[in-house]
Amino acid sequence: MQTLPNSLPTQVSFKGTSEGLKLLVPVELAWDEVILQLQQRLNAGERLWQGGAPVILEVKDRLLDGPQLQAIDALLAAQQLRLVKVRTLRRQTAVTAAVNGLSVDQTDSTPPKDPSNPEPLYVHTTLRSGMRIAHPGPIVLVGDVNPGAEMVSDGDILVWGTLRGLAHAGANGNANALIFALRLQPTQLRIADRVARAPDTPLATPQPEVAYVSENTIHICYISEYTRRR
Amino acid sequence: MSGKVIVITSGKGGVGKTTTTANLGMALAARGKSVVLVDADFGLRNLDLLLGLENRVVYTVLEVLSGDCRMEQALVRDKRQTSLALLPAAQTRDKSAITPEQMKEITGRLSETFDYVLVDCPAGIEQGFRNAIAGAEQAIVVTTPEVSAVRDADRIIGLLESAGLKGPRLILNRYRPQMVEAKDMMSVEDVLEILAVKLLGLIPEDEQVIVTTNRGEPIVLAANPPPAGQAYLNIARRLEGEDVPILEFKVPNNGFMAKIRALFSGR
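Calculation criteria
- Residues numbered from 1 in each chain as written.
- Chains lettered and ligands numbered in written order.
- Predicted model: local features only at pLDDT ≥ 70, side-chain atom pairs only at ≥ 80, totals over all residues.
- Heavy atoms only, no water.
- Helix = DSSP H or I, 4+ residues; strand = E, 2+ residues; numbered from the N terminus.
- Rg over C-alpha atoms; globule rule 2.2 N^0.38 Å.
- Buried < 20%, exposed > 50% of the residue type's maximum accessible area, 1.4 Å probe, protein only.
- Salt bridge = Lys/Arg side-chain N within 4 Å of Asp/Glu carboxyl O.
- Pairing = 2+ DSSP bridges.
- Right-handed = clockwise from strand over helix to strand, strands pointing away.
- Axes fitted to C-alpha atoms, helices over the stretch in contact; angles between N-to-C directions.
- Left-handed = near helix turned anticlockwise from the far one by under 90°.
- Contact = heavy atoms within 4.5 Å.
- Nonpolar A, V, L, I, M, F, W, Y, C, P; charged D, E, K, R; others polar.
- Buried area = accessible area lost by both parts, 1.4 Å probe.
- Polar contact = N/O pair within 3.5 Å; in protein donor to acceptor, adjacent residues only side chain to side chain.
- Phe/Tyr/Trp six-rings, centres within 6.5 Å; stacked < 30°, edge-to-face > 60°.
- Domains from an automatic or database assignment.
- pLDDT = per-residue confidence, 0-100.

### Comments concerning the overall build of chain B
Logical step 1: Within chain B, the secondary structure is distributed over 12 helices and eight strands.
Logical step 2: Against the compact-globule benchmark of 18 Å for 267 residues, chain B has a radius of gyration of 18 Å, which places it among compact chains.
Logical step 3: Dimensions of chain B, computed from the C-alpha atoms along their principal axes, are close to 60 × 40 × 35 Å.
Logical step 4: Expressed as a percentage of the 267 residues in chain B, the buried residues total 55%.

Below you can see the structure in the form of structure tokens.
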């Protein structure tokens, strides 16, 4: 078993707010990863916003240069989204944004997050071989998780589709975490530091199932049974 | 005028990318379209062989880029279909000999004069792949009904989508209905359930494809194309926007070939 990571990096994510669509770009992500994740979010979330929606880019301590800012703007523009404002804690990024004709806000809008209760990530996509979603909060994925794809969360994982790849819930050691799927045919399931394979013969008539830890091993049962028992 | 730039890719090697490129190019040319095939497989070029044009290659895309020859000089015109041309890759170099930007420039220039620019992508997900998709606006993914090929196709579809090439279409190659019937091979439905993309064509396994490939005469050129050749001709029609139903190759009681003959007897 691999050693458990201390904390999962936050993902590039969109958030609807009263002032518009907020695009959160975490400080610690490598730039290539930022662009990849942004493209994935944009490809997946077409229905979630309307054309011409204003976007506020929130980057906290992250340093952004002109070409990077323009790259983000171009990706957003391709989806008819308008970058209007950059919220940053760094003077240099603020200057870059202003030079590029964007309004700038140098305050921190979000109150410090409660680390014990991270926000869920909602994704609408097919997670294909080689793709990985890692997020500290619960993950809700609408679509299939294909073999060769990975989902890692410190909380629960819910797949509104077929889970054929690998899912790791409670990755920080929380054995109470759960994995839900409409069709559970995973390559492998992990909850905290336990590992399980799916039964070799899938259900003839698939039903939504949940994986949980009991007596130190991972069990799987129908969601209907699980909720009845609780 | 601006032609379509389509990349033909797969991830895994040996599933039939180059054969598909050669046959689709030939089929589109036979429909009166001007087509150029771009071999992006630097160091392992095969497309000229499949087309039987190897001994007519003089310049490659590298000489075009360096300005040592004009584009028209590098293009090899097909001896059978004059509306078909090949832009050869450099066999003595590797994938790093060209950049994605240069590839984009080349396909962009070609699309000004040709109806179709088909790019034959090398196997893998490294630079050769990134070069091949750089200038493309559409993608065709070729796979066979094997778990490894389907897994790699899934990865490729993910990479195409995150590169902005949306809605890639699938060609399922070397399909063997008898094996599917016996549950020894993934069915069309099994493959589509995982890959969740649109099916562009279904090519049955056919020894004739190997024979014609070795001879440098794509199978669509046959006077009476066998089912595999007919399937390629149908894909060309679908690319042209025609609504041609996918031929489902089921095994009937009276034998597979009888059913296939029956399917085409009406043509």
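### Thoughts on the pattern of salt bridges
All names here are of chain A.
Logical step 1: As enumerated under the stated definition, the model contains 22 salt bridges over all chains in all.
Logical step 2: Measuring nitrogen to oxygen at the nearest pair gives 3.8 Å for the salt bridge that ties Asp144 to Arg164. In this pair, Asp144 is assigned in the loop between strand E8 (139-142) and strand E9 (150-153) and Arg164 in the loop between strand E10 (157-163) and strand E11 (166-169), connecting sequence segments 20 residues apart. We note that Asp144, like Arg164, is buried.

### A word on the pairing of strand E4 (residues 82-88) of chain A
All names here are of chain A.
Logical step 1: Here six bridges tie strand E3 (residues 54-60) to E4, and the two strands are oriented parallel to one another. Residue Lys60 lies in a different strand from E4, and its bridge partner there is Thr88.
Logical step 2: In terms of strand pairing, E4 meets strand E5 (residues 103-105) through three bridges, oriented parallel. Looking at the pairing, Arg87 lines up with Asp105 of E5.
Logical step 3: In terms of handedness, the path from E4 via helix H3 (residues 91-99) over to E5 forms a crossover that is right-handed.

### Brief notes about the packing of helix H5 (residues 100-111) of chain B against helix H6 (residues 127-134) of chain B
Residues and elements named next belong to chain B.
Logical step 1: Viewed as axis vectors pointing N to C, H5 and H6 meet at an angle of 30°, and their least axial separation amounts to 7 Å. Of the two possible hands of crossing, H5 and H6 adopt the one that is right-handed. On the side of H5, the interface is formed by Pro100, Met103 and Lys104, while H6 contributes Gln127, Arg130, Asn131 and Ala134.
Logical step 2: Among the residues making up the contact of H5 with H6, the classes are represented as three nonpolar, two polar and two charged.

### Overview of the interface of chain B and chain A
Logical step 1: Each side of the interface is counted separately: chain B has 13 residues, and chain A has 15 residues.
Logical step 2: Surface buried jointly by chain B and chain A totals about 1,200 Å² across both partners, of which 40% is contributed by carbon and sulfur atoms.
Logical step 3: Where chain B meets chain A, there are four salt bridges.
Logical step 4: Between Glu193(B) and Arg183(A) there is a salt bridge; the shortest N-O distance is 3.3 Å.
Logical step 5: Counting every contact that joins chain B to chain A gives eight residue pairs in polar contact (both at pLDDT 80 or more).
Logical step 6: At the level of elements, helix H7 (147-162) and helix H9 (188-195) of chain B are the ones that each hand at least two residues to the side of chain B that touches chain A.

### Focus on the packing of aromatic side chains
All names here are of chain A.
Logical step 1: As enumerated under the stated definition, the model contains one aromatic pair over all chains in all.
Logical step 2: Measuring from centroid to centroid gives 5.3 Å for Tyr212 and Tyr226, while their planes differ by 45°, and the two rings are tilted. Here Tyr212 is found in strand E15 (residues 209-214), whereas its partner Tyr226 is found in helix H4 (residues 223-229), with 14 residues between them in sequence.
Logical step 3: Look at Tyr226 and you get buried, because its relative accessible area is 11%.

### Some details on the domain arrangement of chain A
Residue and element names in this part refer to chain A.
Logical step 1: With domains assigned, chain A is organised as domain 1 (1-107) and domain 2 (111-230).
Logical step 2: Summed over both partners, the interface of domain 1 with domain 2 comes to about 1,500 Å²; 61% of that surface belongs to carbon and sulfur atoms.
Logical step 3: Put simply, domain 1 and domain 2 have one salt bridge between them.
Logical step 4: The salt bridge partner of Lys15 is Glu119, with a shortest N-O separation of 3.5 Å.
Logical step 5: Listed by contribution, the elements that provide at least two residues to the side of domain 1 that touches domain 2 are strand E1 (13-17) and helix H1 (31-44).
Logical step 6: Per element, the largest residue contribution to the side of domain 1 that touches domain 2 is three residues, and it comes from H1.
Logical step 7: Its residues assigned to classes, the side of domain 1 that touches domain 2 shows six nonpolar, five polar and three charged.

### Quick notes on the side chain of Ser153(A)
Residue and element names in this part refer to chain A.
Logical step 1: Looking at where Ser153 falls in the secondary structure, it is placed in strand E9.
Logical step 2: A distance of 2.7 Å separates a polar side-chain atom of Ser153 from the backbone oxygen of Gly137.
Logical step 3: Beyond its immediate sequence surroundings of up to four residues, Ser153 is in contact with Leu8, His135, Pro136, Gly137, Pro138, Ile139, His168, Ala169, Gly170 and Ala171.

### A few points about the sheet that holds strand E6 (residues 121-124) of chain A
Residues and elements named next belong to chain A.
Logical step 1: The six strands lie next to each other as E6-E8-E10-E12-E15-E16, forming an open sheet whose pairing is mixed. In this open sheet, the two strands that pair with only one neighbour each are E6 and strand E16 (217-222). Here the average twist between neighbouring strands, direction ignored, is 25°.
Logical step 2: Bridge count between E8 and E10: four bridges; the pairing is parallel. Bridging from a neighbouring strand, Val140 pairs with Leu158 of E10.

### Considering the confidence of the model for chain A
Logical step 1: Of the residues in chain A, 90% have a pLDDT of 70 or more, and the chain-wide mean is 85.
Logical step 2: Segment residues 1-5 of chain A is flagged for pLDDT under 50; beyond a separation of four residues in sequence, or across chains, it makes 14 contacts in the model.

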